[in-house]
Amino acid sequence: MKKRYLSLIILTGIIMFLAACGKDEVQPVAINADTDKCEVCNMAVVDDQFATQIVLESGKSMVFDDIGCMYEWIDSNKNEELAGKFVRDYHNNEWISMDDATYIYNQSIKTPMAYNVISFKDKTTAEDFLKENEGSTLMTSKDLAEHGWKQNKDMKHMGDMENQSHGDAEDSESKDSH
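Since this is a predicted model, take the numbers as computed values, not measurements.

Conventions we followed
Residues numbered from 1 in each chain as written. Predicted model: local features only at pLDDT ≥ 70, side-chain atom pairs only at ≥ 80, totals over all residues. Heavy atoms only, no water. Buried < 20%, exposed > 50% of the residue type's maximum accessible area, 1.4 Å probe, protein only. Helix = DSSP H or I, 4+ residues; strand = E, 2+ residues; numbered from the N terminus. Contact = heavy atoms within 4.5 Å. Polar contact = N/O pair within 3.5 Å; in protein donor to acceptor, adjacent residues only side chain to side chain. Pairing = 2+ DSSP bridges. Axes fitted to C-alpha atoms, helices over the stretch in contact; angles between N-to-C directions. Phe/Tyr/Trp six-rings, centres within 6.5 Å; stacked < 30°, edge-to-face > 60°. Core = buried A, V, L, I, M, F, W, Y, C linked by side-chain atoms within 4.5 Å.

### Quick look at helix H2 (residues 67–76)
Here's step 1: With respect to burial, H2 is a largely interior element, eight of its ten residues being buried.
Here's step 2: For H2, every residue scored as buried is listed here: Ile67, Gly68, Cys69, Met70, Tyr71, Glu72, Trp73 and Ile74.
Here's step 3: Buried residues belonging to H2 abut strand E1 (52–56), strand E2 (61–64), strand E3 (82–88), strand E5 (102–105), strand E6 (117–120) and helix H4 (141–146).
Here's step 4: Of the residues that open H2, the one with a side-chain oxygen 3.0 Å from the backbone nitrogen of Gly68 is Asp66.

### Description of the sheet that holds E1
Here's step 1: Ordered in space as E2-E1-E3-E4, the four strands form an open sheet in which the pairing is antiparallel. Strand pairing shows two members of the sheet lacking a second neighbour, E2 and strand E4 (95–97), which therefore form its edges. Within the sheet, the average angular offset between the axes of one strand and its neighbour, ignoring direction, is 25 degrees.
Here's step 2: Judged from the four bridges that link them, E1 and E2 form a sheet pairing that is antiparallel. Counterpart to Thr52 in the pairing with E2 is Phe64.
Here's step 3: Against the sheet, H2 makes contact with E1, E2 and E3, and its axis sits at roughly 30 degrees relative to E1, the strand it touches most.

### Comments concerning the packing of aromatic side chains
Here's step 1: One pass over the structure, following the stated rule, counts five aromatic pairs.
Here's step 2: Ring centres of Tyr90 and Phe129 lie 5.7 Å apart, and the angle between their planes is 75 degrees; on these two criteria the pair is classed as edge-to-face. Taken together, the residues Tyr90 in the loop between E3 and E4 and Phe129 in helix H3 (residues 123–132) connect sequence positions 39 residues apart.
Here's step 3: Note on Phe120 and Phe129: the rings are 5.5 Å apart at their centroids and 50 degrees apart in plane angle, and the pair reads as tilted.

### Let's talk about the nonpolar core
Here's step 1: Core analysis: the biggest nonpolar cluster contains 30 residues, and Phe64, Tyr103 and Leu144 have the highest contact counts within it.
Here's step 2: When contributions to this core are tallied by element, the ones reaching two or more residues are E1, E2, H2 and E5.
Here's step 3: At six residues, the largest contribution of residues to this core is made by H2.
Here's step 4: Other than its neighbours up to four places away in sequence, Leu144 contacts Ile67, Tyr71, Met98, Tyr103, Val117, Met139 and Trp149.
Here's step 5: Formed by seven residues, the second largest nonpolar core is a distinct cluster that contains Ile109, Phe120, Ala126 and Phe129.

### Considerations on the environment of Ile104
Here's step 1: With respect to the secondary-structure elements, Ile104 resides in strand E5.
Here's step 2: Sequence separation of Ile104 and Asn116 is twelve residues, and the distance between their C-alpha atoms is 8.2 Å.
Here's step 3: Look past the residues within four positions of Ile104 in its chain and what remains in contact with it is Ile109, Asn116, Val117, Ile118, Phe120, Ala126, Phe129, Leu130, Ser136, Thr137 and Leu138.

### Things to note about the sheet that holds E6
Note: strands within a sheet are paired through backbone hydrogen bonds, in either parallel or antiparallel orientation.
Here's step 1: Ordered by their spatial adjacency, three strands build an open sheet running E6-E5-E7, and the pairing between neighbours is antiparallel. Across the chains shown, the open sheet's two edge strands, defined by having one partner strand only, are E6 and strand E7 (137–139). Mean inter-strand twist for the sheet, computed between neighbouring axes without regard to direction, equals 30 degrees.

Structure, rendered in structure tokens:
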């Protein structure tokens, strides 16, 4: 009986040790709006609901100002090993694993680079947004991978200061980076 009890304690200890030795969960890093630039369009990344982030297996973190920019980077860097992909909840800016989020595409949604996709932590909130905004499409992360990532050219030139400044920079850089 003592041997069995001792074996159980040792086995439990080994299991706990092995579980503790596992990889730490990858987490997004804080965004510094004064210095962080989008990896694709080189625009400043504001610490808001449109910011996204990729963490590479090497530990390097890269930020993007729009989900569409992040997908452009992913498409151009298929050989990179990704440890984590993160988006923000549209309502409270909470970081969410990209695979766990629910997305809405709507051409009338203003996003920094006019890709018109926003993310939600839970499907119910996304469905509520969908009901209130005609022309919206509910999407999963799998749907995003198959989405035709095109910028809404009309949205880029609407005239408000933020979108106009993004649009001007994008137009001047589009020959080189897109």
